[in-house]
Amino acid sequence: MNSILFVCLGNICRSPIAEGVARKLIEEGGHSITVDSAGTGSWHVGETPCQHSVTVARNHSVDISTLRARQVKKADFTAFDLIVALDQSNYRDLKALGCQNLVKLGDYGHNGADVPDPYFFEGFEGFEHVYTMIESCVKELLSR
Ligand code: 4NP
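Residues numbered from 1 in each chain as written. Predicted model: local features only at pLDDT ≥ 70, side-chain atom pairs only at ≥ 80, totals over all residues. Heavy atoms only, no water.

Trainee: I would appreciate a short explanation of the sheet that holds strand 2 (residues 34–39) in the present structure.
Mentor: What links the strands of a sheet is backbone hydrogen bonding, and the strands pair in either a parallel or an antiparallel sense. Taking strand neighbours across the sheet as the criterion, the four strands line up as 2-1-3-4 in an open arrangement whose pairing is parallel. Two strands lie at the open edges of the sheet, namely strand 2 and strand 4 (102–104), each paired on one side alone. Ignoring which end each strand starts from, the neighbouring axes of this sheet average 25° apart. Sheet analysis places strand 1 (residues 3–8) next to strand 3 (residues 82–85), joined by four bridges and oriented parallel. Directly across from Val7, in strand 3, lies its bridge partner Ala85. Together, strand 1 and strand 2 form the strand contacts of helix 1 (residues 14–29), whose direction differs from that of strand 2 by roughly 175°. Against the sheet, helix 4 (residues 88–96) engages strand 1, strand 3 and strand 4, with an angle of about 170° to strand 4. (Pairing = 2+ DSSP bridges. Helix = DSSP H or I, 4+ residues; strand = E, 2+ residues; numbered from the N terminus. Axes fitted to C-alpha atoms, helices over the stretch in contact; angles between N-to-C directions. Contact = heavy atoms within 4.5 Å.)

Trainee: Help me understand the site of the ligand, please; the structure alone is not making it clear to me.
Mentor: As a structural note, the neighbourhood of the ligand is formed by Cys8, Leu9, Gly10, Asn11, Ile12, Cys13, Arg14, Trp43, His44, Asp117 and Tyr119. At 3.0 Å from an oxygen atom of the ligand is found a main-chain nitrogen or oxygen belonging to Ile12. Taking Cys13, its main chain carries an N or O atom lying 2.9 Å from an oxygen atom of the ligand. Its residues assigned to classes, the shell around the ligand shows six nonpolar, three polar and two charged. (Near = heavy atom within 4 Å. Polar contact = N/O pair within 3.5 Å; in protein donor to acceptor, adjacent residues only side chain to side chain. Nonpolar A, V, L, I, M, F, W, Y, C, P; charged D, E, K, R; others polar.)

Trainee: Just to check I follow, could you spell out unusual backbone geometry for this structure?
Mentor: Peptide bonds are, in most cases, trans, and in most cases residues other than glycine have a negative phi. With a phi angle near 60°, Asn11 is a residue other than glycine that sits in the positive phi range. Tracing the chain through its elements places Asn11 in the loop between strand 1 and helix 1. Assessed through its relative accessible area of 3%, Asn11 is described here as buried. One non-glycine residue, Asn111, lies in the positive phi region at around 55°. What makes Asn111 exposed here is its relative accessible area of 83%. (Buried < 20%, exposed > 50% of the residue type's maximum accessible area, 1.4 Å probe, protein only.)

Note that all results are geometric; they support no functional claim without further evidence.
Below, the structure is given as structure tokens:
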């Protein structure tokens, strides 16, 4: 596997964390795998990741502050070896767009569980749990 695209809804909370964690692990492991992230929605295109995601990542020595949101496009389905949906609704939306090489991040060690959408969380609490789950799943994904 040479390339992975992580996809959530807005590409500002969850998938940028997944991209940042994967980049760091790939760098540390000396692998050459391209990673990127995108959202199924277009509301936040061009924006930086949400502040709580930037903070929780920084607390784990992962810098995602320079990432910018983009919307997933059909060309991604052939450009990337693997498309990784962060939750079931992202998975369903991507399937509906014709994505075949599709998995859920929670399939990697979390029985297919959704990574909870933190967009409507109150405050910072919850982001640590989201980070921990994403990190655990990405580690498992990269170990296969
Ligand atoms: P994300 O979180 O999918 O993890 O980036 C969201 C960001 C924005 C919205 C929903 C979820 N929104 O409705 O704008």
